[in-house]
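Below, each chain spelled out in residue letters.
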Amino acid sequence: MFRRLEDRCRGCGNCRELKCSENCTGCRACLLVCPEDAILPGEPETKEYTVAVNGRDVRSGGTVGDALEGAGLRRAMIPGEGDVFSPCASGACLACSVSIDGCIAPSCVTPLSEGMVIETAPEPPLRYVSSFGPHTAGGVGTPFSEKTGAPVEVVCFTHGCNLRCPQCQNSQVAFTSQGNLLDPHETAGILMGLESIYRTGTVTISGGECTLNRTWLSTTIRAIRELKGDVNVHVDTNGTILTPEYLDELLDSGMNRIGIDLKGLRPETFMEISGLHDEKTARVYLENSWNAFRYLSENHRDIFMGLGVPYSRSLISMDELSAMASRISSINRDVQVTVLDYRPEFRRRDIERPSEDEMMRVKDVMIDEGLRNVVVQTSAGFR
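Rules used throughout
- Residues numbered from 1 in each chain as written.
- Predicted model: local features only at pLDDT ≥ 70, side-chain atom pairs only at ≥ 80, totals over all residues.
- Heavy atoms only, no water.
- Phe/Tyr/Trp six-rings, centres within 6.5 Å; stacked < 30°, edge-to-face > 60°.
- Helix = DSSP H or I, 4+ residues; strand = E, 2+ residues; numbered from the N terminus.
- Buried < 20%, exposed > 50% of the residue type's maximum accessible area, 1.4 Å probe, protein only.
- 1 Å grid on protein atoms, 1.4 Å probe; cavity = no way out; pocket = protein on both sides within 12 Å on 5 of 7 lines; lining within 4 Å.
- Points joined across faces, edges and corners; volume = space filled by probe spheres on them.
- Nonpolar A, V, L, I, M, F, W, Y, C, P; charged D, E, K, R; others polar.
- Pairing = 2+ DSSP bridges.
- Salt bridge = Lys/Arg side-chain N within 4 Å of Asp/Glu carboxyl O.

**Details of the packing of aromatic side chains**
Two measures describe an aromatic ring pair: the distance that separates the ring centres and the angle between the ring planes.
Then, in step 1: The tally for this structure, following the rule as stated, stands at three aromatic pairs.
Then, in step 2: Geometrically, the ring pair formed by Phe-175 and Phe-346 is stacked, given 5.4 Å between the ring centres and 25° between the ring planes. Taken together, the residues span a long stretch of sequence, with Phe-175 in the loop between helix 3 (171–174) and strand 12 (180–182) and Phe-346 in the loop between strand 17 (336–341) and helix 10 (356–368) at a distance of 171 residues. In terms of burial, Phe-175 and Phe-346 fall into one category: buried.
Then, in step 3: With a centroid separation of 6.4 Å and 65° between ring planes, the pair formed by Trp-290 and Phe-293 is classed as edge-to-face. Residue Trp-290 and its partner Phe-293 are both found in helix 8 (residues 279–299); the two are separated by three residues, about one turn of the helix.

**A short note on empty space enclosed by the protein**
Then, in step 1: Going through the model one piece at a time under the given rule, you end up with one cavity of 30 Å³ or more.
Then, in step 2: As for the largest cavity, its lining consists of 14 residues, and the residues nearest its centre are Arg-4, Cys-9, Cys-12, Cys-15 and Cys-34.
Then, in step 3: A per-class count over the lining of the largest cavity returns seven nonpolar, two polar and five charged.

**Overview of the sheet that holds strand 15 (residues 257–261)**
Then, in step 1: Spatial strand order, 12-10-11-13-14-15-16-17-18-19: 10 strands in an open sheet with mixed pairing. Edge positions in the open sheet fall to strand 12 and strand 19 (381–382), since each of these has one partner strand only.
Then, in step 2: In this structure, strand 14 (residues 232–237) lies alongside strand 15, joined through four bridges in parallel fashion. Within the sheet, the bridge partner assigned to Thr-237 lies in strand 15 and is Ile-260.

**Some remarks on the layout of surface pockets**
Then, in step 1: A volume near 950 Å³ is recorded for the largest pocket.
Then, in step 2: What lines the largest pocket is a set of 34 residues, and nearest its centre among them are Gln-169, Gly-207, Asp-236, Asp-261 and Leu-340.
Then, in step 3: Every element with two or more residues in the lining of the largest pocket is listed here: strand 11 (153–158), strand 13 (202–207), strand 14 and strand 17.
Then, in step 4: Around the second largest pocket, the lining is made up of 22 residues, and of these Cys-27, Leu-32, Met-77, Ala-89 and Arg-164 lie nearest the centre.
Then, in step 5: Counting only elements with at least two residues in the lining of the second largest pocket, the list comes to helix 1 (30–33), helix 2 (64–70) and strand 5 (75–76).

**Overview of the pairing of strand 7 (residues 97–100)**
Then, in step 1: Alternating residues of strand 7 divide into Ser-97 and Ser-99 and Val-98 and Ile-100, and every residue in both groups is buried.
Then, in step 2: Sheet topology places strand 7 next to strand 9 (residues 117–120); three bridges connect them, and they run antiparallel. Across the sheet, Val-98 pairs through a bridge with Thr-120, a residue of strand 9.

**Points about unusual backbone geometry**
The phi torsion of most residues other than glycine is negative, and most of the peptide bonds are trans.
Then, in step 1: In the Ramachandran plot, Leu-94 falls in the positive-phi region, its phi being about 60° despite a non-glycine side chain.
Then, in step 2: Here Leu-94 shows up in the loop between strand 6 (84–85) and strand 7.
Then, in step 3: For Leu-94, a relative accessible area of 2% translates into the label buried.
Then, in step 4: The backbone of Asp-101 sits at a positive phi, close to 50°, despite the residue not being glycine.
Then, in step 5: By the element assignment, Asp-101 lies in the loop between strand 7 and strand 8 (103–106).
Then, in step 6: Taking relative accessible area as the criterion, Asp-101 reaches 49% and is therefore assigned partly exposed.

**A look at the pattern of salt bridges**
Then, in step 1: Scanning the entire structure with this criterion turns up 24 salt bridges.
Then, in step 2: Between Arg-349 and Glu-36 there is a salt bridge, and its shortest N-O distance comes to 2.2 Å. Linking Arg-349 in the loop between strand 17 and helix 10 with Glu-36 in the loop between helix 1 and strand 2 (39–40), this pair joins segments that are 313 residues apart in sequence.
Then, in step 3: In this structure, Glu-146 and Arg-257 form a salt bridge, with 2.7 Å as the shortest nitrogen-oxygen distance. Of this pair, Glu-146 sits in the loop between strand 10 (127–135) and strand 11 while Arg-257 sits in strand 15, placing them 111 residues apart in sequence.
Then, in step 4: Of the residues examined, Arg-257 reaches a relative accessible area of 9% and is grouped as buried.
Then, in step 5: Three or more residues are tied together by salt bridges with common partners; here these are Arg-10, Glu-36 and Arg-349.

Given below as structure tokens:
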């Protein structure tokens, strides 16, 4: 079990949502949630257990994920790079789930016990989800013309994220599994119930990172469409694991709006913003997000797409923003680009929120590079 350092703790409450066992497994999920480094993991127990993985006896300690590796199955944060896609490390996205004695559970945080029968299985359509409700601001995939101050969409937030952004504005969702464990039809039913009340015409799936559990997301979108065929379905994503095949699946399921974050142009900037330390993973993620934008621009102009670009002088230079704008313009100069003014949050409370004047200078820089549809988020609202 982890230990909280009270002299550092500022009472954010993130760690109270951890689902730790009494004995530490060494999963280190506790280190994701704390903005103050006020958590010390417990001393991992050294006891080993005999478990069966796909019919093969394995002797292992720690988590089910450790037993999978003991059976020769490699975990990876990039889909297709290993045998088990394990991106969030908090047990929230369930992309790494396995069947344990006939029940589905995330392998990344589930502690081992003697005699477990573990079977790898297709990604289950289950996800921790919370914060259902109306949304007045919308996301980067919401047309700016619809942002009138009234609810523009109903939204849910999926828990778990594959990035580790130190300035994350939604850390209780991104790094915990505190939500409700829902299947696609339950999720769609709640969203459409809310939509029937607020009459927004748009439902949004956000996060965390909603794309991590591919089966859950595409099935949820399809279930929404079955309940109401003419509603807009908006996916808000960092774009880091989207491929043309995945995008086509989402479009075939019924997605017709998408917001994609482009967190820089240089891998070094992306790593600074995302909090990732593995350069290979960072490069793949950054390339995927740009390629997703390009693919949709070249092949699916019939859907609405918006881009989110972060700005803080602590994280990205004006020169890089200008280069990003130039590249975006060369692909699709009419795409809606929303520049987000990063503010002090989570582990980066040292960041100074850009002034309204500074954000307007950012807007001018983006327009000078040929973009025709630039919106900036400021302390005084969208401009």
